[in-house]
Amino acid sequence: MAVLHNRVSQAELKQRLYEEKEKRSTISFYQYFPISDPKQFRDDLYKALNALKVFGRIYVAQEGINAQISVPETNFEALQQYLYSIEPLNGVRLNIAVDDDGKSFWVLKIKVREKIVADGINDPSFSMEKKGKYVNAEQMNRLLTDNNTVVIDMRNHYEYEVGHFVKAIEIPSDTFREQLPMAVEMMQPHKDKNIIMYCTGGIRCEKASAYMLHNGFNNVFHLEGGIINYASQAKQAGLESQFIGKNFVFDDRLGERVTEDIIAKCHQCGKPADTHTNCKNDGCHLLFIQCAECAKTYDGCCTLACQSVYNLPPEAQKEIRKGIEEGICIPCLVWRDARVRHRSSS
Ligand SMILES: [Zn+2]
Ligand SMILES: [Zn+2]
């Protein structure tokens, strides 16, 4: 049996990546399709991708695959060929990240999970085989002019807050699993309308569209490739973007500007702002919106309390963190309910 995991230290792997001469492309893709033996699928995939020097994070489940990977540019075609040789992945959309140095991953991790997107659905009769209809940017814009259309944002509050489609309805929960039944409930009065669902890259709204159909809705659409694809399609085709503001993404930039509109407010002073940041206090790291002025005033922290901790010597900060239960910032407890900690999921 071939070695299916790395035996070299993380530090060394990172070092090797940085010494690599060849450029890498960062690619993401997902596909819902039945995988009867995810473990076997995982092992085969690992061997093939490892041979192509692919790094990244991939989830495999009985419902499909979700991948964020990087590949040396010269191996891109071989990778594409290999993926397309797997029947259900033939022609799968490979999203290539722009503005990316390809250095985000330095190992290949493929994990078997129960679901590629946790959904909390316990109904065994639910299947991803019946999904809503895809819409592209042009079709999206056209449907949006129809009064009989309802648009639903399937992302979290902090994502909606800085950018969303005009007239999009927010499903007020911070977890996708809670949003699914809420969306069904909230859309009951609109059963005969066109319901368009969207999310960042398409993986969440695709599942949501299947769930709506499963719950008796008929005219369900979902935005192909999500906001990322919409923004690039609209730009290329010269369409007016009906998505305003920023598209929140989980990378160092914490968001890609789609239009110049600033639709959110600084959580500290209330002035127009849409820059997310993580509180600089290591015991907190709260994700919140902060304007440039407040960033100066608070040293990038979310409260005066966090700022005072942040300005202590490192040793003293460590002492304070020791007393804090994992994941909870004592100075910020009051903020907890309303705002969300940085999570590295898509
Ligand atoms: Zn401010
Ligand atoms: Zn804080």
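Look above for the structure.
Only a predicted model underlies this, so the values are computations on that prediction, with no experimental measurement involved.

**Student:** How should the coordination of the zinc ion (ligand 2) be read in this particular structure?
**Tutor:** For a metal with four tetrahedral donors the ideal donor-metal-donor angle is 109.5 degrees, while six octahedral donors give ideal angles of 90 or 180 degrees. Here the zinc ion (ligand 2) is held by Cys279 (SG), Cys284 (SG), Cys302 (SG) and Cys306 (SG), and the distances to it run 2.3 to 2.5 Å. Its four donor atoms give the zinc ion (ligand 2) angles of 105 to 114° at the centre, a pattern that matches the tetrahedral case. Sequence spacing among the residues donating to the zinc ion (ligand 2) works out to C-x4-C-x17-C-x3-C. Of this pair, Cys279 sits in the loop between strand S14 (276-278) and strand S15 (287-289) while Cys306 sits in helix H10 (residues 304-310), placing them 27 residues apart in sequence. A relative accessible area of 1% places Cys279 in the buried class. With a relative accessible area of 0%, Cys306 lands in the buried category.

**Student:** Help me understand the pairing of strand S11 (residues 220-223) in this model?
**Tutor:** On a regular strand, one side chain projects to one face of the sheet and the next to the other, so that they alternate. Judged by which residues are buried, S11 turns out to be covered on both faces: Val220 and His222 on one side and Phe221 and Leu223 on the other are all buried. Of the strand pairs in this sheet, strand S6 (residues 133-135) and S11 are connected by three bridges, and their pairing is parallel. When the sheet's bridge partners are listed, Lys133 is paired in S11 with Phe221. Two elements, strand S10 (residues 194-198) and S11, share three bridges in a ladder whose sense is parallel. If you follow Ile196 over to S11, its bridge partner there is Phe221.

**Student:** Explain the pattern of salt bridges to me, please; I cannot follow it from the model alone.
**Tutor:** Here the idea is simple: oppositely charged side chains can pair when their charged atoms come close. Taken as a whole and judged by the stated rule, the model has 15 salt bridges. Across the pair Asp119 and Lys115 runs a salt bridge whose closest N-O atoms are separated by 3.0 Å. Exposure remark for Asp119: the relative accessible area of 3% places this residue in the buried category. Note on Lys115: relative accessible area 21%, which makes it partly exposed. The closest approach of N and O atoms between Asp119 and Lys207, which form a salt bridge, is 2.7 Å.

What counts, and where the lines are drawn
Numbering of residues starts from 1 in every chain and runs along the sequence as written. Whichever chain is written first is A, and whichever ligand is written first is 1; the rest continue in order. Totals for whole chains, interfaces and linings use every residue, but because this is a predicted model, local features are given only for residues with pLDDT of at least 70 and side-chain atom pairs only at 80 or more, for both listing and counting. The basis for every side-chain value is the complete set of non-hydrogen atoms in the structure, without hydrogens or water. Coordination partners: N, O, S within 2.8 Å of the metal, 3.2 Å for Na, K and Ca; water not considered, so apparent gaps in a site are possible. Site shape is set this way: if four donors have all angles between 85 and 135 degrees, tetrahedral; if opposite donors are over 155 degrees apart and all others between 65 and 115, square planar for four donors and octahedral for six; otherwise irregular. To qualify as a helix, a DSSP run of H or I must reach at least 4 residues; to qualify as a strand, a run of E must reach at least 2; elements of each kind are numbered from the N terminus. Between buried and exposed lies partly exposed: a residue is buried under 20% and exposed over 50% of the maximum accessible area for its type, with that area taken using a 1.4 Å probe on protein chains only. One bridge is not enough; two strands pair if DSSP finds at least two bridges between them. For salt bridges, the criterion is a side-chain nitrogen of Lys or Arg within 4 Å of an Asp or Glu carboxyl oxygen.

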